[in-house]
Amino acid sequence: MIAFDLKCGKGHCFEGWFDSLRDFDDQKSKNMVECPICGDPNITKILSPIRSLGYNQTGESESGEDKAAREKAVQTRQLMQAVKNFLETNFEDVGAGFAKEALKIHYGVEPSRNIRGSSTEVEEEMLKEEGVQFMKMPLPKGLD
């Protein structure tokens with residue numbers, strides 16, 4: 001099926017669905033296409049606005065905006081996965097002992113190294129007061 005934007009001789013605009021361009025031309029030549037508002041058979045095709053059309057995972061059509069949003073979400077997820085992989089590869093996981101280990105490194109008790117883990121808000125405030133630089137990076141759940 002193909003949809004055409006149509007206009008009658010009196011200026012009414014409407015949409016018509018046909019099996020093909022040839023089907024539209026055949027029906028028009030037999031005066032089978034007429035304006036649904038006034039019945040005028042003097043019909044012309046008009047330019048249609050162009051839009052991107054894709055399909056989502058369920059097979060339903062989606063607009064160009066939906067497709068762009070979906071692609072951006074996929075790119076964001078890929079970026080977050082790359083960050084997670086980098087952190088897991090290059091930072092030692094010290095778990096809930098993050099604040100304790102960060103202080104040891106800050107004061108030279110432990111050698112300097114990249115660490116990752118969790119801390120409470122109270123521990124984070126204490127680290128800030130001690131001048132320990134750290135970055136909080138919550139990662140979305142569901143990443144591999």
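Here's a quick rundown of the structure. (Residues numbered from 1 in each chain as written. Predicted model: local features only at pLDDT ≥ 70, side-chain atom pairs only at ≥ 80, totals over all residues. Heavy atoms only, no water.)

### Brief notes about the layout of surface pockets
Remark: the empty space left among the atoms is shown by a probe the size of a water molecule rolled over them.
Step number 1: Computed from the structure, the largest pocket encloses a volume of approximately 810 Å³.
Step number 2: Contributing to the lining of the largest pocket are 27 residues, with Phe-98, Ile-115, Arg-116, Gly-117 and Met-135 lying nearest its centre.
Step number 3: Every element with two or more residues in the lining of the largest pocket is listed here: α2 (64-90), α3 (98-106) and β7 (115-117).
Step number 4: Partitioning the lining of the largest pocket into residue classes produces 13 nonpolar, seven polar and seven charged. (1 Å grid on protein atoms, 1.4 Å probe; cavity = no way out; pocket = protein on both sides within 12 Å on 5 of 7 lines; lining within 4 Å. Points joined across faces, edges and corners; volume = space filled by probe spheres on them. Helix = DSSP H or I, 4+ residues; strand = E, 2+ residues; numbered from the N terminus. Nonpolar A, V, L, I, M, F, W, Y, C, P; charged D, E, K, R; others polar.)

### Section: the packing of aromatic side chains
Geometry of an aromatic ring pair is reported as the spacing of the ring centres plus the angle between the planes.
Step number 1: Taken as a whole, this structure holds five aromatic pairs when the rule is applied.
Step number 2: When the ring of Phe-4 is compared with that of Phe-18, the centres are 6.0 Å apart and the planes differ by 40 degrees; the resulting orientation is tilted. Linking Phe-4 in strand β1 (residues 2-8) with Phe-18 in strand β2 (residues 13-18), this pair joins segments that are 14 residues apart in sequence.
Step number 3: When the ring of Phe-4 is compared with that of Phe-24, the centres are 5.4 Å apart and the planes differ by 55 degrees; the resulting orientation is tilted. With Phe-4 in strand β1 and Phe-24 in helix α1 (residues 21-29), this pair connects stretches of sequence that are 20 residues apart.
Step number 4: Chaining the aromatic ring pairs together yields one cluster made of Phe-4, Phe-18 and Phe-24.
Step number 5: One Lys or Arg, Lys-45, reaches over the ring of Phe-4 and ends 5.0 Å from the middle of that ring. (Phe/Tyr/Trp six-rings, centres within 6.5 Å; stacked < 30°, edge-to-face > 60°. Lys NZ or Arg CZ within 6 Å of the ring centre and 35° of its normal.)

### Comments concerning the pattern of salt bridges
Any two side chains of opposite charge can pair if their charged atoms end up close together.
Step number 1: Applying the stated criterion across every chain yields a total of seven salt bridges.
Step number 2: Note that Asp-93 and Arg-116 form a salt bridge whose closest N and O atoms lie 3.7 Å from each other. Here Asp-93 is found in strand β6 (residues 92-95), whereas its partner Arg-116 is found in strand β7, with 23 residues between them in sequence.
Step number 3: The class of Asp-93 is partly exposed, set by a relative accessible area of 47%.
Step number 4: The closest approach of N and O atoms between Lys-104 and Glu-101, which form a salt bridge, is 3.5 Å. Here the residue Lys-104 and the residue Glu-101 both occupy positions in helix α3, the gap between them amounting to three residues, near one helical turn. (Salt bridge = Lys/Arg side-chain N within 4 Å of Asp/Glu carboxyl O. Buried < 20%, exposed > 50% of the residue type's maximum accessible area, 1.4 Å probe, protein only.)

### Focus on the sheet that holds β1
Step number 1: The strand order across the open sheet built from three strands is β2-β1-β3, with neighbouring strands paired in antiparallel fashion. Each edge of the open sheet carries a strand with a single partner, namely β2 and β3 (43-46). Shown here is a sheet whose adjacent strand axes are inclined to one another by a mean of 45 degrees, direction ignored.
Step number 2: Relative to β3, β1 is paired through four bridges, and the arrangement is antiparallel. Residue pairing for β3: Asp-5 is matched across the bridge by Ile-46. (Pairing = 2+ DSSP bridges. Axes fitted to C-alpha atoms, helices over the stretch in contact; angles between N-to-C directions.)

### Digging into unusual backbone geometry
Step number 1: The phi torsion at Asn-31 lies on the positive side, around 55 degrees, for a residue other than glycine.
Step number 2: Mapped onto the fold, Asn-31 is located in the loop between α1 and β3.
Step number 3: Given the relative accessible area of 53%, Asn-31 is considered exposed.

### A few points about the packing of α3 against helix α4 (residues 121-130)
Step number 1: Axis separation between α3 and α4 bottoms out at 10 Å; the angle between their running directions is 10 degrees. Judged by the inter-axis angle, α3 sits roughly parallel to α4. For the pair formed by α3 and α4, the contact residues are Phe-98, Ala-99, Ala-102, Leu-103 and His-106 on the first element and Glu-123, Met-126, Leu-127 and Glu-130 on the second.
Step number 2: Taken together, the residues of the contact of α3 with α4 sort by class into six nonpolar, one polar and two charged. (Parallel < 35°, antiparallel > 145°, perpendicular 65-115°, else oblique. Contact = heavy atoms within 4.5 Å.)

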